[in-house]
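# Remarks on the overall topology
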Amino acid sequence: CYGTPQDVEVDVNIKGVVKSDSTGNAIPGIKIVATGSNQTLYSDSAGAFSFYIPMEKNYRLIFSDVASTQNGLFANKDTVILNNESQKEINLEVFLQHN
């Protein structure tokens, strides 16, 4: 697992909270895949997530509702985050739409 910092000089911490677009409430159990790094994790009970991946120019994250308490209620979200390669930490607030 690459989720912890391996080399602080070349890693970036991507963290954030997954929320419902209609209520603004946090969504626990959302699957988050960072493509290209083979990392998969799930949002915690507060909808939060955090992981370290090697620094790149951009990151593709896929959010899917496969294990949340509302299992399948929210649509998948595929997003690309741009990085200027100098950011050591990226904070996100991700809103998922209801199916």
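This text goes with the structure placed above it.
This text gives an overview of the structure that appears in the document. Each chain has its residues counted from 1, following the order in which its sequence is written. Reporting in this predicted model follows two pLDDT cut-offs: at least 70 for local features of residues, and 80 or more for side-chain atom pairs to be given and counted; totals over whole chains, interfaces and linings ignore these cut-offs and use all residues. Side-chain descriptors were evaluated using all non-hydrogen atoms of the structure, hydrogens and water having been removed beforehand.

### Considering the overall build of the protein chain
Counting from the N terminus, the helices are DSSP H or I runs at least four residues long and the strands are E runs at least two residues long. From N to C terminus, the protein chain includes zero helices and seven strands. Carbon and sulfur atoms make up 48% of the accessible area of the protein chain, which amounts to about 5600 Å² in all. Note on areas: Shrake-Rupley, 1.4 Å probe, and residue coverage restricted to the protein chains presented here.

### Examining the sheet that holds strand E1 (residues 11-20)
Between any two strands, pairing holds if DSSP finds at least two bridges. Read across the open sheet, the three strands follow the order E4-E1-E7; overall the sheet is mixed. Two strands close off the open sheet at either side, each with one partner strand: strand E4 (48-54) and strand E7 (89-96). The average angle at which neighbouring strand axes cross in this sheet is 25 degrees, direction not considered. The sheet contact formed by E1 and E4 spans seven bridges and is antiparallel. Note that in E4 the partner of Ile14 across the bridge is Phe51. In this description, a line fitted to the C-alpha atoms serves as the axis of each element, helices being fitted only across the stretch in contact, and the angle between N-to-C directions of two axes falls anywhere from 0 to 180 degrees.

### As for the sheet that holds strand E3 (residues 39-42)
The strands that make up a sheet pair up through hydrogen bonds in the backbone, lying either parallel or antiparallel. The antiparallel open sheet is built from four strands, whose spatial order is E3-E2-E5-E6. Each having just a single partner strand, E3 and strand E6 (77-82) make up the two edges of the open sheet. Strand-to-strand twist across the sheet, computed as the mean angle between neighbouring axes with direction ignored, equals 20 degrees. Of the pairings in the sheet, the one linking strand E2 (residues 31-34) to E3 comprises four bridges and is antiparallel in character. The residue bridging Ile32 from the neighbouring strand is Leu41, located in E3.

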